[in-house]
Amino acid sequence: MASDNARAGIFYVKVGGKLIEASGNFTYNLGQPKREGVLNSYGVSGFKETAQVPYIEGEVIDSNSIDLVNDLLAVEDATVTLELRNGKVIALRNAWYAAEGQGNTENGTMQVRFEGRQAGYV
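Since the structure is predicted, the reported quantities are computational estimates derived from the model, not experimental observations.

K.L.:
I keep staring at a nonpolar patch on the surface and nothing clicks. Help me out?
P.N.:
Nonpolar side chains collect at one region of the surface, where Ile10, Tyr12 and Leu19 lie side by side and expose about 320 Å² of accessible area between them. Its location among the elements puts leucine 19 in strand β2 (residues 18-20).

So, in structure tokens, the structure goes:
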């Protein structure tokens, strides 16, 4: 349970309901349209919207409890959740693995990126 003062720190990542050991900083995008100003000869006339792909990305630990191929690289239609210290849970639905699958032997980690059709708070 999150306290009213908690903002950051401990977080959890699940792929298809399986808890994945995560490391470092994770980022996410809820996939809402990006707005950009449109200029005319007099100044700003309004804005345009561009669609964005929702995603969750960061670094996971390559532990013995994870099968990198089946648990991550082969993901094509899963729910990926990011549970934040402040109590919010971001759910990425119909998600697929969208990174290169590059590992790091010095830290025993792998960069991951999941993209999906929709994201939002649970």
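K.L.:
Help me out: how do you make sense of the pairing of strand β8 (residues 89-97) in this one?
P.N.:
A regular strand places its side chains so that they alternate between the two faces of the sheet. As defined by bridge partners, strand β7 (residues 78-83) adjoins β8 across 5 bridges and the pair is classed as antiparallel. By the bridge assignment for β8, alanine 78 is matched with alanine 95. In sequence, β7 turns back onto β8 through a hairpin of 5 residues, with glycine 87 there showing a positive phi of about 95 degrees. Two strands pair when backbone bridges link them, and β8 and strand β11 (residues 118-121) are joined in this way by 4 bridges, in the antiparallel orientation. Bridge pairing in β11 places alanine 91 opposite glycine 120. Inspection of the sheet shows β8 paired to strand β10 (residues 109-115) by 2 bridges, in the antiparallel sense. In the sheet register, tryptophan 96 faces β10, and the bridge partner there is glutamate 115.

K.L.:
Would you mind going over the environment of glycine 43 with me for this structure?
P.N.:
Its location among the elements puts glycine 43 in strand β5 (residues 43-50). On a C-alpha basis, the gap between glycine 43 and valine 69 in space is 52 Å, while along the polypeptide they are 26 residues apart.

K.L.:
Mind showing me how you'd approach unusual backbone geometry here?
P.N.:
Glycine aside, negative phi is the norm for most residues, and most peptide bonds take the trans geometry. Positive phi values are uncommon outside glycine, yet asparagine 94 reaches one of about 55 degrees. Along the chain, the position of asparagine 94 falls in strand β8. For asparagine 94, a relative accessible area of 33% translates into the label partly exposed.

K.L.:
Honestly, the nonpolar core in this entry has me stumped. Any pointers?
P.N.:
For soluble globular proteins, the rule of thumb is that nonpolar side chains tend to be buried together. If you look at the biggest cluster of nonpolar residues, it comprises 21 residues, and the most contacted ones within it are Leu72, Val112 and Phe114. Per element, the largest residue contribution to this core is 4 residues, and it comes from β8. Not counting chain neighbours up to four residues away, the residues in contact with leucine 72 comprise Val15, Ile20, Val60, Ile66, Asp67, Tyr97, Met110, Val112 and Phe114.

K.L.:
Help me out: how do you make sense of the environment of glycine 103 in this one?
P.N.:
Here glycine 103 is to be found in strand β9 (residues 103-104). In this structure glycine 103 comes out as exposed when scored by relative accessible area, which is 53%. Measuring from C-alpha to C-alpha, the distance between glycine 103 and isoleucine 61 comes to 9.4 Å, with 42 residues separating the pair along the chain. Once residues lying within four places of it in the same chain are set aside, the contact partners of glycine 103 are Thr109 and Met110.

K.L.:
Would you mind going over the pairing of β10 with me for this structure?
P.N.:
In terms of burial, β10 is largely enclosed, as 6 of its 7 residues are buried. With 2 bridges connecting them, β9 and β10 associate as antiparallel partners. Opposite asparagine 104, over in β10, you have threonine 109 as the bridge partner. Remark: 4 residues form the turn of the hairpin made by β9 and β10, two consecutive strands paired antiparallel; glycine 108 in that turn has positive phi of roughly 65 degrees.

K.L.:
Is there a simple way to think about the side chain of threonine 81 in this case?
P.N.:
Within the fold, threonine 81 resides in strand β7. With relative accessibility at 14%, the residue threonine 81 sits in the buried group. With sequence-adjacent residues up to four places away left out, threonine 81 is seen in contact with Tyr12, Val13, Lys14, Ile56, Val89, Ile90 and Ala91.

What counts and what doesn't
- Residues numbered from 1 in each chain as written.
- Predicted model: local features only at pLDDT ≥ 70, side-chain atom pairs only at ≥ 80, totals over all residues.
- Heavy atoms only, no water.
- Patch = residues over 30% accessible without salt bridge, like charges linked within 9 Å, V, L, I, M, F, W, Y side chains within 5 Å.
- Areas by Shrake-Rupley, 256 points an atom, 1.4 Å probe, with all protein chains shown as cover.
- Salt bridge = Lys/Arg side-chain N within 4 Å of Asp/Glu carboxyl O.
- Helix = DSSP H or I, 4+ residues; strand = E, 2+ residues; numbered from the N terminus.
- Pairing = 2+ DSSP bridges.
- Buried < 20%, exposed > 50% of the residue type's maximum accessible area, 1.4 Å probe, protein only.
- Core = buried A, V, L, I, M, F, W, Y, C linked by side-chain atoms within 4.5 Å.
- Contact = heavy atoms within 4.5 Å.

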